Amino acid sequence: MKQRIAICALVLALAGTPAAAQTVGSFANHADIGATATAGTAVHDAGRYRVTASGANIWGSEDAFHYVWTQRSGDLHIAADIAWEGQGVDPHRKAGLMIRQNRTPGSPYTDVMVHGDGTVALQYRTEQDGPTHQIVSAVAHPRRVQLEREGDFVYFSVAGADGKLRHAGGSYRIAFQAPYLVGLAVSAHNNTVTETAVFSNVEMAVPRLAYVPDTGYAAKVESTLEVMDVGGIQSRRVVRHFDGKIEAPNWTRDGKALVYNADGRIWRIPVESGEPTAIDTGRHVKNNNDHGLSPDGTQLIISDQSEPDNLSRIFVLPLAGSKAPREVVSDPQARSYWHGWSPDGRTIAYVRVGTRDDSYDIWAKDLAGGPARPLIVAPGSDDGPEYSPDGKYLYFNSTRSGAMQIWRTNADGTNPVQLTHDPDRRDWFPHLSPDGKSIVFISFGLDVAATDHPPNREDVVLKIMPADGSAPPRVLTRLFGGQGTINVPSWSPDGTQIAFVSYRLVR
């Protein structure tokens, strides 16, 4: 990708600059980008920028809009109050703050856009002439927005009615080469008309970011609970942003709520946003991120470490909560982490981590009773087991090939088949779509040990592939994340979305 951006910079240099720079306030120039039926304008007066534009859209593989820009490099925050003039023709007209690699219509870029209907989204195109994706804010009709570039990641903040900027959540990794363009952008979203937006209180500043020597478990983070469409434009939407750490969202079977863990408790929140409520788990209040719902959606299974020995044990309780969850796995010589529930509701698969030899193996337990039994035991680490919806297979991640990869066996643990093969990636936690045709998983880079899935890593990717391994994985999105992002089953019941958590260091 960096090579392609370098080529774009060369194209820009060969194209030359406009015949005469048109300074507007603190910006060096302005011009139409892409095909616009009517020439745009930009006027600065009394600290306000009034920008008028036509253009079909800022989206897809090429853009059409009016841009007011200057050149910058390095980390940068740009903020502004944005107001539309008039009722407007298209509810998706866009006005916002943009960082752009070059002036071609298909340039890599990122922006925070305020739509005519009040929607706010962080948009991004990572490759020249590639597709555009977005992260939709949970806050609409903003008083003020801010676009934030920090290293190779972009973030955004939104101010509601009180006018105070707050982190909107979500992140994406996109590398810009210096210098890049930064400024104000407007598109009518209808090339037969023009629309006008006014930008006021425009501020650009280099952020002061404290150095974080250890980004591991000790680091303080903010969390964003998100849902993402896995087809089409693969749009991400913020459900809620949290000042602290949350992990591992499950989807309830009615599709209306998400279940996650935070501060040792299990919480439930509406998918369409709202206030989270704690689920009563009795005295078991040191829950980790290995939890989930029964196939019929009535039961909750948790992995809890409340006992003095700090060993993780597995319990089942009604999804509505209980003061006395039923213990189903308690191993005095191992830590037990739930991951899979057979579709008939009778059996669970879990990871058994031996306290003496630190072995990672996959075991099974019938909920009706009887002893636990080893299911997948082999040299190396085996983790993240999940049953296919038809009950025929068990998917998991394993180092048996030398790198952490995704594997599949029969439900009884026989006939292992390797599904991912990239030695430069660490692939973890395969999750089956409701129709059993696809798996989504999290993938780390070589900055992570083969047997580790740590928090707060930069080279983190969510991928999707056919469950039978008939095609290679493709990238769904890139984010700042890791442990806690997508540890447990997280598909929506209709198979159109996944839920996950992205993070941001507090500094």
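Procedures and definitions
- Residues numbered from 1 in each chain as written.
- Predicted model: local features only at pLDDT ≥ 70, side-chain atom pairs only at ≥ 80, totals over all residues.
- Heavy atoms only, no water.
- Phe/Tyr/Trp six-rings, centres within 6.5 Å; stacked < 30°, edge-to-face > 60°.
- Buried < 20%, exposed > 50% of the residue type's maximum accessible area, 1.4 Å probe, protein only.
- Lys NZ or Arg CZ within 6 Å of the ring centre and 35° of its normal.
- Pairing = 2+ DSSP bridges.
- Helix = DSSP H or I, 4+ residues; strand = E, 2+ residues; numbered from the N terminus.
- Axes fitted to C-alpha atoms, helices over the stretch in contact; angles between N-to-C directions.
- Salt bridge = Lys/Arg side-chain N within 4 Å of Asp/Glu carboxyl O.

(A) Quick look at the packing of aromatic side chains. According to the stated counting rule, one finds 9 aromatic pairs in the structure shown. When the ring of Trp 428 is compared with that of Phe 429, the centres are 5.4 Å apart and the planes differ by 55°; the resulting orientation is tilted. For the pair shown, Trp 428 and Phe 429 are each scored as buried. Through a chain of ring-to-ring contacts, the aromatic side chains of Phe 65, Tyr 67 and Trp 69 assemble into a single cluster. One Lys or Arg, Arg 240, reaches over the ring of Phe 242 and ends 5.8 Å from the middle of that ring. The ring of Tyr 155 carries the charged tip of Arg 504 above its face, separated from the ring centre by 4.0 Å.

(B) Highlighting the sheet that holds strand E21 (residues 257–262). One open sheet holds the 4 strands; their spatial order is E20-E21-E22-E23, and the pairing between them is antiparallel. Of all the strands in the sheet, just strand E20 (247–251) and strand E23 (277–279) have a single pairing partner and so form its edges. On average, adjacent strands in this sheet sit at an angle of 35° to one another, irrespective of strand direction. When strand E22 (residues 265–270) meets E23, the two strands line up antiparallel, connected through 3 bridges. Across the sheet, the residue bridging to Arg 268 is Thr 277, located in E23.

(C) Broad picture of the pattern of salt bridges. Within this structure, the stated rule accounts for 23 salt bridges. Ionic pairing is found between Glu 272 and Arg 237, a salt bridge with its closest N-O pair at 3.8 Å. Taken together, the positions of Glu 272 in the loop between E22 and E23 and Arg 237 in strand E19 (residues 236–242) put the pair 35 residues apart, joining distant regions of the chain. The class for Arg 237 is partly exposed, based on a relative accessible area of 22%. A salt bridge links Arg 283 to Glu 307, with the nearest nitrogen and oxygen atoms 2.9 Å apart. Separated by 24 residues along the polypeptide, Arg 283 in the loop between E23 and strand E24 (292–293) and Glu 307 in the loop between strand E25 (299–304) and strand E26 (313–318) bring together distant segments of the chain. Given a relative accessible area of 54%, Arg 283 falls into the exposed group.

So, to be careful, I would describe these as geometric facts and stop short of saying anything about function.
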